[in-house]
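Per-entry structural report
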Amino acid sequence: MYVCLCMGVCDREIREAMNEGACSVPEVMECTGAGTRCGSCRPTIAKLVGEGEAAAPPRRLTMAPVSSAA
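A short tour of the structure in this document, coming up. (Residues numbered from 1 in each chain as written. Predicted model: local features only at pLDDT ≥ 70, side-chain atom pairs only at ≥ 80, totals over all residues. Heavy atoms only, no water.)

Moving on, we come to the environment of Cys6. Relative to the helices and strands, Cys6 is located in the loop between strand 1 (2–4) and strand 2 (9–10). Sequence separation of Cys6 and Thr36 is 30 residues, and the distance between their C-alpha atoms is 8.5 Å. (Helix = DSSP H or I, 4+ residues; strand = E, 2+ residues; numbered from the N terminus.)

Spelled out as structure tokens, the structure:
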């Protein structure tokens with residue numbers, strides 16, 4: 001189903017962007033272009049992003065301690 005008619009972006013493309021790491025509406029917009037013109041699809045994008053957050057826990061990056069080399 002098309003989510004963003006202005007840019008021709010469907011829900012599958014939005015879910016693909018989320019699977020690749022986009023976890024917010026602005027990140028999905030940047031990856032897909034959806035929501036960057038008229039903006040009427042942003043609530044639908046937000047619902048899709050919300051579904052993704054409920055289905056999979058947010059990713060956490062493991063950070064290695066940085067040693068101070070002074």
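Our focus in this paragraph is the state of the cysteines. With the rule as written, the count across this model stands at 0 disulfides. With no disulfide of its own, Cys41 lies closest to Cys4 among cysteine sulfurs, the gap being 3.9 Å. (Disulfide = S-S within 2.5 Å.)

This part is about the nonpolar core. Formed by 13 residues in total, the largest nonpolar core has its most connected members in Val3, Ile14, Val28, Ala34 and Ile45. Those elements that provide at least two residues to this core are strand 1, helix 1 (11–19) and helix 3 (42–55). Other than its neighbours up to four places away in sequence, Ile14 contacts Val3, Val9, Val28, Thr32, Ala34, Ile45 and Leu48. (Core = buried A, V, L, I, M, F, W, Y, C linked by side-chain atoms within 4.5 Å. Buried < 20%, exposed > 50% of the residue type's maximum accessible area, 1.4 Å probe, protein only. Contact = heavy atoms within 4.5 Å.)

Here we come to helix 1. Turning to helix 1, its buried residues are Asp11, Ile14, Ala17 and Met18. Projected down its long axis, helix 1 carries its buried residues within an arc of 120 degrees, all on one side. Backbone geometry just downstream of helix 1 places Gly21 in the positive-phi region, at approximately 120 degrees. (Arc of directions from axis to C-beta.)

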